[in-house]
Amino acid sequence: MKKILSILFFLIAVIHYSNGQQVTYEYVLASKNDESINALLEDNNQSIYVTGSCGKPDSRKHSGLVFKLNKNGLFVDSIHIAYSDNSLIIENILHDTTNSLILSGIKTDTIDSKHYAINLFKIDTSFNILHQEQYNLPDDYKLSVQVTRFGENNNILVIGTVKIPFSKMFFYKFNKNLDSLSAKIYLNNPSIYPYEIKELNNGNYWILRGLYSYYALIDSNLNMISPQQGVIPNYLNSSYGLKWDSDSSFYLAADFAIIPSKNRTNLLVSSISAVQRSTSGRQTDHDIGLLKQYHPFDTTGYIFNSVGVVDTFDFPAAWGALDYKNKDSIFIGGTKNVSWSNALYGQQPAWYHLVQTDSMLNVRWEHFYYGDAYYFMSKLIATSDGGCIMAGTRFDYKTHPWVHERDIYILKVNAEGLITSTNGKSAP
């Protein structure tokens with residue numbers, strides 16, 4: 001068993017509570033390193049697997065991080081995947097049919113940030129590495145985004161963006177043994193920045209474009225059928241949370257930038273450019289947009305709502321902002337008061353923001369948590385006991401404002417968004 005990470009190496013603070021049948025807890029992973037989180041996974045025993053990276057502040061070298069908490073939020077085990085001359089970030093975790101876990105991440109050298117590779121690992125639940133594969137990209141390709149999902153027949157689909165120097169989408173398909181089945185880089189197609197993928201019943205692939213208000217469609221041979229297959233309602237961007245509730249309909253949480261019509265020069269308004277326009281006075285109001293769409297491409301039928309706080313930049317959780325076990329209790333998470341100039345290391349108070357809606361996206365309640373530092377939510381999952389887990393980072397800008405040292409902060413709440421019988425601390 002590989003336990004390179006240990007509780008002796010990290011200062012780990014755990015506070016846990018019991019609230020009837022629903023356990024709630026806080027978990028802080030703190031050290032002198034800069035830690036980040038990308039993915040969460042709950043197993044059948046209600047244990048939680050967490051993936052991300054850690055490294056010295058402002059260093060190019062990161063190590064892949066995976067650790068496990070039991071259902072009470074207590075540390076169980078961990079693995080720290082490190083290379084002597086390379087950096088590794090674990091971005092995704094999947095639970096396959098053989099009771100093992102699939103990890104995917106990005107590897108690069110630490111000298112000139114070249115020689116990018118897609119790294120895949122199969123590990124067991126005791127963190128033994130059973131198998132691993134590395135797929136190298138051309139030397140001058142820089143991999144910036146990667147998303148891994150299961151397709152049909154337990155095939156593993158990996159999509160993302162490479163910069164060469166312009167951003168282009170790539171698509172890899174692997175079998176359950178991590179062998180490459182097919183791959184393509186879309187050099188002759190527009191930039192897409194894919195954030196989600198689904199293999200449709202006819203063998204085609206549905207792609208959610210992250211930074212522009214379109215979907216894309218790819219055929220079974222990985223040919224691009226259409227990079228602009230339907231406009232996402234209300235021009236939602238940075239679409240970080242999606243869950244299908246049938247083969248044809250889905251829920252989506254994304255950035256909703258309300259831009260005055262005089263500033264909207266075209267339909268391809270990215271959230272980043274919208275933020276930049278606000279520097280000379282607040283011209284945009286960024287909220288979290290909520291969408292239920294009844295067809296993968298046809299946007300004539302949908303439900304829309306939005307949540308946010310006046311005069312703050314509110315943003316959905318970066319790697320998964322929407323989840324549910326029961327469609328009548330949908331959890332949506334994000335960050336209140338995101339710093340537009342530096343989203344990861346803000347010099348201002350920020351809060352975890354949690355909302356619950358019914359299946360028609362009517363808001364039941366919303367809570368805000370903490371604000372004594374700069375909190376940034378990365379991922380939210382609904383849990384089998386009816387509650388949810390929010391995970392992200394906490395940056396103490398008051399103590400060390402110019403040292404980029406974040407702690408991982410995980411908060412488990414019950415079905416009402418509460419820790420025991422107390423509400424999350426309210427935002428002012």
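Quick summary incoming for the structure in this document. Everything numeric in this text was worked out from a predicted model, so none of it was measured. Within every chain, residues take consecutive numbers counted from 1 along the sequence as written. Totals for whole chains, interfaces and linings use all residues, but because this is a predicted model, local features are given only for residues with pLDDT of at least 70 and pairs of side-chain atoms are given and counted only at 80 or more. Only hydrogens and water are set aside when side-chain values are computed; all heavy atoms of the structure are taken into account.

**As for the overall build of the protein**
- By the criteria applied, helices consist of DSSP H or I runs no shorter than four residues and strands consist of E runs no shorter than two, each listed in order from the N terminus. When helices and strands are tallied, the protein shows one helix and 30 strands.
- To sort residues, take the accessible area from a 1.4 Å probe on protein chains only and compare it with the maximum for the residue type: under 20% means buried, over 50% means exposed, and anything in between is partly exposed. For the protein, with 428 residues in total, the buried portion stands at 58%.
- Working rule for contacts: check all heavy atoms of both residues, and any pair within 4.5 Å makes them a contact. For the protein, long-range pairs separated by at least 24 residues make up 53% of all intrachain contacts whose partners lie at least 6 apart in sequence.
- As displayed, the protein has an accessible area near 17,400 Å², and 48% of this comes from carbon and sulfur atoms. Residue exposure ignores everything except the shown protein chains as possible cover, and the areas themselves are Shrake-Rupley values with a 1.4 Å probe.

**A look at the side chain of Glu 26**
- Along the chain, Glu 26 falls in strand S2 (residues 22-30).
- We classify Glu 26 as buried; its relative accessible area is 11%.
- Separated by 2.8 Å, the side chains of Glu 26 and Tyr 370 make a polar contact.
- At 2.6 Å, the side chain of Glu 26 forms a polar contact with the side chain of Tyr 409. Counted as a polar contact is a pair of N or O atoms within 3.5 Å, where, for protein atoms, one must be capable of donating a hydrogen and the other of accepting one, and residues adjacent in sequence contribute only when both atoms are in side chains.

**Considerations on the sheet that holds strand S10 (residues 129-136)**
- Strands pair, by our definition, only if DSSP identifies at least two bridges between them. Read from one edge of the open sheet, four strands run S7-S8-S9-S10, paired in antiparallel fashion. Strands with a single pairing partner mark the edges of an open sheet, and in this sheet they are strand S7 (86-95) and S10. When strand polarity is set aside, the average angle formed by the axes of neighbouring strands in this sheet is 20°.
- Examined bridge by bridge, strand S8 (residues 101-109) and strand S9 (residues 117-123) share seven bridges and lie antiparallel to one another. Within S9, the position partnered with Ile 106 by the bridge is Ile 118. Here an axis means a line fitted to C-alpha atoms, over the contact stretch when the element is a helix, while the angle between two N-to-C directions is reported on a 0 to 180 degree scale.

**Description of the pattern of salt bridges**
- Criterion for a salt bridge: a side-chain nitrogen of Lys or Arg within 4 Å of a carboxyl oxygen of Asp or Glu. Evaluated as defined, the whole model comprises nine salt bridges.
- With a closest N to O distance of 2.7 Å, Arg 149 and Glu 196 form a salt bridge. On the criterion of sequence distance, the pair formed by Arg 149 in strand S11 (residues 142-150) and Glu 196 in strand S15 (residues 194-199) is long-range, its members being 47 residues apart.
- As a salt-bridge pair, Asp 245 and Lys 327 come within 3.2 Å of each other at their nearest N and O atoms. Of this pair, Asp 245 sits in the loop between strand S19 (237-244) and strand S20 (250-258) while Lys 327 sits in the loop between strand S24 (322-323) and strand S25 (330-336), and the two are 82 residues apart along the sequence.
- Overall, Lys 327 belongs to the partly exposed group, its relative accessible area being 33%.

**Here we look at the side chain of Asp 385**
- Assignment of secondary structure puts Asp 385 in the loop between strand S28 (374-382) and strand S29 (388-395).
- Separated by 3.0 Å, the side chain of Asp 385 and the backbone nitrogen of Gly 387 make a polar contact.

**Examining the environment of Gly 105**
- Note that Gly 105 resides in strand S8.
- Taking the C-alpha atoms as reference points, Gly 105 and Phe 121, separated by 16 residues in sequence, lie 8.7 Å from one another.
- Apart from the residues within four sequence positions on either side, Gly 105 is in contact with Leu 88, Ile 89, Ile 90, Glu 91, Ala 117, Ile 118, Asn 119 and Gln 146.

**Section: unusual backbone geometry**
- Note that the residue after Ile 164, namely Pro 165, is joined by a cis bond; omega there is -5°.
- Of note, Pro 165 is situated in the loop between strand S12 (156-163) and strand S13 (167-174).
- The phi dihedral of Leu 178 is positive, around 75°, even though this residue is not glycine.
- Along the chain, the position of Leu 178 falls in the loop between S13 and strand S14 (180-185).
- In this structure, Tyr 370 takes a positive phi of about 70° despite not being glycine.

**Some words on a positive patch on the surface**
- On the surface, Arg 60, Lys 114, Lys 142 and Lys 163 cluster together to form a positively charged patch.
- Structurally, Lys 142 can be placed in strand S11. Like-charged residues within 9 Å of one another, or nonpolar side chains (Val, Leu, Ile, Met, Phe, Trp, Tyr) within 5 Å, are grouped into patches, provided each residue has over 30% relative accessible area and no salt bridge. Note on charges: Lys and Arg go in the positive column, Asp and Glu in the negative column, and His and the chain ends are not counted at all. Charged groups are reduced to one reference atom each: NZ for lysine, CZ for arginine, CG for aspartic acid, CD for glutamic acid.

**Let's talk about the sheet that holds S11**
- Pairing is antiparallel in the open sheet, where four strands are placed in the order S11-S12-S13-S14. A strand with exactly one partner marks an edge of an open sheet, and here the two such strands are S11 and S14. For this sheet the average axis-to-axis angle between neighbouring strands, irrespective of direction, equals 15°.
- Two strands pair when backbone bridges link them, and S13 and S14 are joined in this way by five bridges, in the antiparallel orientation. If you follow Phe 171 over to S14, its bridge partner there is Lys 184.

None of the figures reported here should be taken as evidence of function without further support.
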